[in-house]
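# Coordinates in review
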Amino acid sequence: MNHWLMKTEPDELGIDDFAHEPQRDFMWDGVRNYQARNFMRSMQPGDHVVLYHSSCKHIGTAGIVKVTRAAYADPEQFNPDSAYYDPKSSATEPRWDAVDLCFVDKFPRIIPLSELKTLSALADCALVRKGNRLSVMPLSANEYKAILATTNR
DNA sequence: GCCAACGTTGGC
DNA sequence: GCCAACGTTGGC
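Residues numbered from 1 in each chain as written. Chains lettered and ligands numbered in written order. Predicted model: local features only at pLDDT ≥ 70, side-chain atom pairs only at ≥ 80, totals over all residues. Heavy atoms only, no water.

### Brief notes about the protein's contact with DNA strand C
To be explicit about the condition: One heavy atom within 4 Å of a molecule or strand makes the whole residue count as near it. Here a polar contact means two N or O atoms within 3.5 Å. Within protein one must be a hydrogen donor candidate and the other an acceptor candidate, and residues neighboring in sequence count only if both atoms are side-chain atoms.
Around DNA strand C, the structure places Lys7, Tyr52, Ser54, Ser55, Ile59, Leu113, Lys117, Asn132 and Arg133. Looking at DNA strand C alone, sugar and phosphate atoms form 79% of those within 4 Å of the protein. Between DNA strand C and Lys7, the relevant distance is 3.0 Å, taken from a phosphate oxygen to a side-chain nitrogen or oxygen of the residue. In the environment of DNA strand C, a phosphate oxygen lies 2.6 Å from a nitrogen or oxygen atom belonging to the side chain of Tyr52.

In structure tokens:
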């Protein structure tokens, strides 16, 4: 089983949305970056994902969700009325993928970015590097463990 | 709101 | 294929 980290703006879809409907599968759509998409295509059902809240008041890791459906064509790319519409995408050759995620755990507190930056286990993780914009990234077992360990403080 | 860092686009 | 211009991300 692999581990991942995904960024989200909690105003759009945050850990509380997952926690309030713990049985629901949420479609994770709208990813429009090739590197992030390629990582999504590697996700398998059962993989755990650290949810990271960005562009908000409390920036940091917020909880765990899990993959319940592997990558499939993101329907928004075909919808001309969607902000995620991509006219260069076709049904036979879709460019963008979505996955389904559901709730696993909400951390007792948001672990702030400033604290994540102090963890030596995360020194090589794209998340804490300056200027990083990658919204979906793999986590090594050690990185995942280090993030979970912060919740025990 | 500012702005640095980054990815993408498009002219050449 | 290069690279300047542009739009976006995302912390502060």
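### Topic: the protein's contact with DNA strand B
Here is the rule we go by: In this count, Pro and Cys sit with the nonpolar residues alongside Ala, Val, Leu, Ile, Met, Phe, Trp and Tyr, while Asp, Glu, Lys and Arg are called charged and the others, Gly among them, polar.
Taken together, Asn33, Tyr34, Lys130, Gly131 and Arg133 are the residues near DNA strand B. Here, DNA strand B places atoms within 4 Å of the protein, and 65% of those atoms are sugar or phosphate. Between DNA strand B and the protein, one listed contact pairs a phosphate oxygen with a side-chain N or O atom of Lys130 at 3.3 Å. Looking at side-chain class alone, the surface near DNA strand B contains one nonpolar, two polar and two charged residues.

### Side note on the layout of surface pockets
Quick note on the threshold: Method remark: on a 1 Å grid restricted to protein atoms, a set of points is classed as a cavity if a 1.4 Å probe fits but cannot get out and as a pocket if it is open with protein on both sides within 12 Å along at least five of seven lines; lining residues have an atom within 4 Å of a point. Grid points are joined across faces, edges and corners, and a volume is the space filled by probe spheres set on the points. In this description a helix means any DSSP run of H or I spanning at least four residues, a strand means any run of E spanning at least two, and both kinds are numbered starting from the N terminus.
As a volume, the largest pocket reaches approximately 610 Å³. Its residues placed into classes, the lining of the largest pocket shows eight nonpolar, six polar and six charged. As a volume, the second largest pocket reaches approximately 200 Å³. Along the walls of the second largest pocket sit 16 residues, with Pro10, Ile15, Asp16, His53 and Ile110 positioned nearest its centre. Counting residues per element, the ones that place at least two in the lining of the second largest pocket are helix 1 (10-13), helix 2 (15-20) and strand 5 (97-112). Partitioning the lining of the second largest pocket into residue classes produces seven nonpolar, three polar and six charged.

### Remarks on the UniProt feature "domain: EVE" (unreviewed entry) in chain A
The test is simple: UniProt positions are given in the numbering used here, feature names are shortened, and annotations may be inferred rather than shown by experiment.
The feature "domain: EVE" (unreviewed entry), as given by UniProt, occupies residues 2-149 in the numbering adopted here. Here residues 2-149 runs as 21% helix and 33% strand, with 18 Å between its end C-alpha atoms.

### Details of the sheet that holds strand 3 (residues 48-53)
Using the following cut-off: Whether two strands pair comes down to DSSP finding at least two bridges between them. Fitting a line to C-alpha atoms yields each axis, with helices limited to the stretch in contact; the angle taken between N-to-C directions then spans 0 to 180 degrees. Here a residue-residue contact requires only that any non-hydrogen atoms of the pair lie within 4.5 Å.
One open sheet holds the six strands; their spatial order is 2-5-4-3-1-6, and the pairing between them is mixed. With one partner strand each, in any of the chains shown, strand 2 (26-28) and strand 6 (136-139) form the two edges of the open sheet. Adjacent strand axes in the sheet meet at a mean angle of 40°, parallel and antiparallel pairs treated alike. The pairing of strand 4 (residues 60-73) with strand 5 spans ten bridges and is antiparallel. Bridging from a neighbouring strand, Lys66 pairs with Cys102 of strand 5. Its contacts with the sheet place helix 5 (residues 141-149) against strand 1 (3-8), strand 3, strand 4, strand 5 and strand 6, and it is angled at close to 95° to strand 6.

### Some points on the packing of aromatic side chains
For any two aromatic rings, the description comes down to two numbers: the centre-to-centre distance and the angle of the planes. Threshold: Stacked, tilted and edge-to-face are the three classes applied to pairs of Phe, Tyr and Trp rings, where Trp contributes its six-membered ring and a pair requires centres within 6.5 Å; stacked means planes under 30 degrees apart, edge-to-face means over 60, and tilted covers the rest. Here's how the labels work: a residue is buried when its accessible area is under 20% of the maximum for its type, exposed when over 50%, partly exposed in between, all with a 1.4 Å probe on protein chains only. Whether a charge sits over a ring depends on NZ of Lys or CZ of Arg being within 6 Å of the ring centre and within 35 degrees of the ring normal.
Applying the stated criterion across every chain yields a total of three aromatic pairs. Aromatic pair Trp4 and Phe39: ring centres 6.1 Å apart, planes at 55°, arrangement tilted. Taken as a pair, Trp4 in strand 1 and Phe39 in helix 3 (residues 34-41) lie far apart in primary sequence, 35 residues in all. Seen from their ring centres, Phe18 and Phe26 are 4.5 Å apart, and the 50° between their planes marks the pair as tilted. Residue classification places Phe18 among the buried positions, given a relative accessible area of 0%. With a relative accessible area of 5%, Phe26 lands in the buried category. For the cation-ring pair, Arg69 lies above Tyr72, with the distance from its terminal atom to the ring centre recorded as 3.5 Å.

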